[in-house]
Amino acid sequence: MDTSNFSCDPPKLHVLVVDDNNIDRKLIQKLLEISSFKVTVVDSGSKALQYLGLDEENTSSQFDVNLIISDYSMPGMTGFELLKKIKNSSTFKDIPVVIMSSENNLTRINRCLEEGAEEYLLKPVKLSDVNRLKESINKSGSQHMGQHEQDQSVDCHGPTPCSPEQKPKQNGLLKLDELIATNSIN
């Protein structure tokens with residue numbers, strides 16, 4: 001019996017990365033590949049919709065995606081607009097979407113989380129962020145990954161330094177309830 005097609009390794013989780021910045025796109029792709037993800041990268045929200053089969057010309061998708069990671073600030077269609085289209089799709093509404101940005105804008109973070117984003121990552125994304133996402137997906141079976149994360153924290157590298165009580169663990173992930181708990185929202 002030929003066993004060359006059999007593998008003891010679990011199937012790789014498939015991540016769709018959406019970012020208009022080539023350097024950021026390559027960085028997140030490399031971090032995801034190091035963490036054994038299958039990665040597809042596109043450079044715009046409209047190309048992400050095409051890939052998923054959610055554009056006007058295509059209504060069905062042949063791709064199995066376990067996670068979508070999108071930059072917030074992109075020309076044409078923002079990550080927030082892409083998030084809304086995905087969450088309004090009957091096919092992909094349960095797929096976790098993570099928004100990433102170099103801006104620690106609390107209003108933006110709140111809007112994304114309220115619209116259905118599972119997490120909000122601050123750039124530059126680190127390997128520890130990717131590993132945490134992978135653990136979350138594995139624990140939750142690709143559903144409700146944010147509910148299993150308990151130690152998310154606020155980035156304190158902004159213009160106002162954090163007090164020792166507010167100093168975060170350096171994992172780069174943000175959750176609204178922790179922002180509120182640390183009195184970071186004005």
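Procedures and definitions
- Residues numbered from 1 in each chain as written.
- Predicted model: local features only at pLDDT ≥ 70, side-chain atom pairs only at ≥ 80, totals over all residues.
- Heavy atoms only, no water.
- Core = buried A, V, L, I, M, F, W, Y, C linked by side-chain atoms within 4.5 Å.
- Buried < 20%, exposed > 50% of the residue type's maximum accessible area, 1.4 Å probe, protein only.
- Helix = DSSP H or I, 4+ residues; strand = E, 2+ residues; numbered from the N terminus.
- Expected span 1.5 Å × (residues − 1).
- Arc of directions from axis to C-beta.
- Polar contact = N/O pair within 3.5 Å; in protein donor to acceptor, adjacent residues only side chain to side chain.
- Phe/Tyr/Trp six-rings, centres within 6.5 Å; stacked < 30°, edge-to-face > 60°.
- Lys NZ or Arg CZ within 6 Å of the ring centre and 35° of its normal.
- Salt bridge = Lys/Arg side-chain N within 4 Å of Asp/Glu carboxyl O.

## So, the nonpolar core
Judged by nonpolar contacts, the single largest core of 26 residues is most densely connected at L16, V18, L52, I68, I99 and C112. Counting only elements with at least two residues in this core, the list comes to β1 (14-18), α2 (45-52), α3 (79-87), β4 (97-101), α4 (106-115) and β5 (119-122). L13, V17, L32 and V39 belong to the second-largest nonpolar core, a separate cluster that totals 17 residues.

## Observations concerning the environment of I34
If you trace the backbone, I34 turns up in helix α1 (residues 22-34). Residue class for I34 comes out exposed when judged on its relative accessible area of 53%. The spacing of I34 and N131 is 97 residues in sequence and 9.6 Å in space, taken between C-alpha atoms.

## So, α1
Here α1 contains 13 residues, and its C-alpha end-to-end distance of 18 Å stays within 8% of the 18 Å for a straight helix at 1.5 Å per residue. Of the positions making up α1, those classed as buried are R25, I28, L31 and L32. Taken end-on, α1 shows its buried residues confined to a sector of 135°, consistent with a single buried face. Pointing more than 90 degrees away from the buried face of α1 are the exposed residues I23, K26, K30 and I34. Looking at where α1 begins, the residue whose side-chain oxygen comes 2.9 Å from the main-chain nitrogen of I23 is N21. Positive phi appears at S36, one or two residues downstream of α1, with a value of about 70°.

## Some remarks on the packing of aromatic side chains
Across all of its chains, the model carries zero aromatic pairs by this definition. In this structure, R111 packs its charged tip against the face of F80, placed 4.1 Å from the ring centre. Against the face of F37 rests K134, its NZ or CZ located 5.8 Å from the ring centre.

## Things to note about the pattern of salt bridges
Going through the model one piece at a time under the given rule, you end up with five salt bridges. A salt bridge links K123 to D19, with the shortest nitrogen-to-oxygen separation between them at 2.8 Å. Of this pair, K123 sits in the loop between β5 and α5 (127-140) while D19 sits in the loop between β1 and α1, placing them 104 residues apart in sequence. Note on accessibility: K123 and D19 belong to one class, buried. Among the salt bridges present, the one from K123 reaches D24, with a minimum N-O distance of 3.0 Å. Of the two residues, K123 sits in the loop between β5 and α5 while D24 sits in helix α1, which places them 99 residues apart along the sequence. With relative accessibility at 24%, the residue D24 sits in the partly exposed group. Each of D19, D24, D71 and K123 takes part in a single network of salt bridges with overlapping partners.

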